[in-house]
Amino acid sequence: VAINQLNEIRNHQMQIRLELSAARQETDAFEVLDHIDKVRSSIFQVDNLLTAYKERDINAEEKQMLETFIADRLNFGRVGVIPTMDLVQEEKFSQADKLRKDALDPAFKKASQSIDNLIQYQVSNAKNEFERVNKLTKTIRIVSIASIVAGLVLVVLIGLVITRSI
């Protein structure tokens, strides 16, 4: 579940960037507004996903990674997304292009790296848990087979004792 939430967040971040680029290409104000609405919707979705993700029981290392991502995401929004939305709506395209190049893209890259680190952490934990459960399964299988064999040997021995005593 956690990996899915993080991947959805990653997807929404990419959608924000794509919608801003698409809004920049539009000449109709209503189309620009449509793209801006999609950006706002993605921001809202990310907020909801982060709220749900934070409700999980997380350790100190994961919490630090999450806090780093949240800080990078807020920076992405404050220095890149919101100002770009404003510039595109005001039809200040050259300024929007400069802001995209100077602020939005680097902030997006940093936020993406932070979420990728968090996703990699989850993948690594899932792999470790899978290996642990796999070892436990093998141990349980061996103990079960040994118990069955011991039970059969015991049945045969008890059978021999009973037949000799008769």
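Draft legend 1. Structural view of the overall build of the chain. Across its full length, the chain holds four helices and zero strands. Along its sequence from the N terminus, the chain presents helices and strands in the succession α-α-α-α. In terms of C-alpha radius of gyration, the chain reaches 28 Å, well past the compact-globule figure of 15 Å for 166 residues. Oriented by its inertia axes, the alpha-carbon framework of the chain measures out at about 105 × 30 × 25 Å. Taken across its 166 residues, the chain has 30% of its residues classed as buried. About 10,900 Å² of surface is accessible on the chain, with carbon and sulfur atoms providing 59% of the total. Separation of charge centres in the chain, based on 22 positive and 23 negative side chains, amounts to 10 Å.

Draft legend 2. Broad picture of the environment of Val123. Within the element layout of this structure, Val123 appears in helix α4 (residues 93-165). Since its relative accessible area comes to 37%, Val123 is described here as partly exposed. For the pair formed by Val123 and Arg164, sequence separation is 41 residues and the distance between their alpha carbons is 61 Å.

Draft legend 3. Spotlight on a nonpolar patch on the surface. Taken together, the side chains of Ile145, Val149, Val153, Val156, Leu157 and Leu160 present a nonpolar region at the surface, about 540 Å² in accessible area. On the secondary structure map, Val156 appears in helix α4. Here Val156 falls in the exposed class, since its relative accessible area comes to 52%.

Draft legend 4. Representation of the side chain of Arg73 in the model. Its location among the elements puts Arg73 in helix α3 (residues 60-89). Classification of Arg73 by relative accessible area gives buried; the value is 13%. Here the side chain of Arg73 touches Asp47 through a polar contact of 2.7 Å, side chain to side chain. Excluding anything up to four places from it in sequence, Arg73 contacts Gln13, Ile43, Val46, Asp47, Leu50 and Ala111.

Draft legend 5. How the structure looks around the packing of helix α1 (residues 2-25) against α3. For the pair α1 and α3, the least separation of the axes is 10 Å and the interaxial angle reads 20°. With respect to each other, α1 and α3 are oriented roughly parallel. Here α1 and α3 pass one another in a crossing that is left-handed. In this structure, α1 uses Ile9, Gln13, Ile16, Leu20, Ala23 and Arg24 to contact α3, whose residues at the interface are Phe69, Arg73, Phe76, Val81, Thr84, Met85 and Val88. Of the residues contributing to the contact of α1 with α3, the split by class is nine nonpolar, two polar and two charged.

Draft legend 6. Structural view of α1. The end-to-end C-alpha distance of α1 is 35 Å, a good match for the 34 Å that 24 residues give at a rise of 1.5 Å each. If you check which residues of α1 are buried, you get Ala2, Gln5, Leu6, Ile9, Arg10, His12, Gln13, Ile16, Glu19, Leu20 and Ala23. Along its buried surface, α1 packs onto α2 (29-54), α3 and α4.

Draft legend 7. Structural context of the packing of aromatic side chains. Applying the stated criterion across every chain yields a total of one aromatic pair. Plain terms: the ring middles of Phe76 and Phe108 are 5.6 Å apart, the flat faces sit at 55° to each other, and that makes the pair tilted. Here Phe76 is found in helix α3, whereas its partner Phe108 is found in helix α4, with 32 residues between them in sequence. Lying over the aromatic face of Tyr53, Arg56 brings its terminal NZ or CZ to 4.7 Å of the ring centre.

Each value, and the rule that gives it
- Residues numbered from 1 in each chain as written.
- Predicted model: local features only at pLDDT ≥ 70, side-chain atom pairs only at ≥ 80, totals over all residues.
- Heavy atoms only, no water.
- Helix = DSSP H or I, 4+ residues; strand = E, 2+ residues; numbered from the N terminus.
- Rg over C-alpha atoms; globule rule 2.2 N^0.38 Å.
- Buried < 20%, exposed > 50% of the residue type's maximum accessible area, 1.4 Å probe, protein only.
- Areas by Shrake-Rupley, 256 points an atom, 1.4 Å probe, with all protein chains shown as cover.
- Lys, Arg positive; Asp, Glu negative; His and termini not counted.
- Charge placed at Lys NZ, Arg CZ, Asp CG, Glu CD.
- Patch = residues over 30% accessible without salt bridge, like charges linked within 9 Å, V, L, I, M, F, W, Y side chains within 5 Å.
- Salt bridge = Lys/Arg side-chain N within 4 Å of Asp/Glu carboxyl O.
- Polar contact = N/O pair within 3.5 Å; in protein donor to acceptor, adjacent residues only side chain to side chain.
- Contact = heavy atoms within 4.5 Å.
- Axes fitted to C-alpha atoms, helices over the stretch in contact; angles between N-to-C directions.
- Parallel < 35°, antiparallel > 145°, perpendicular 65-115°, else oblique.
- Left-handed = near helix turned anticlockwise from the far one by under 90°.
- Nonpolar A, V, L, I, M, F, W, Y, C, P; charged D, E, K, R; others polar.
- Expected span 1.5 Å × (residues − 1).
- Phe/Tyr/Trp six-rings, centres within 6.5 Å; stacked < 30°, edge-to-face > 60°.
- Lys NZ or Arg CZ within 6 Å of the ring centre and 35° of its normal.

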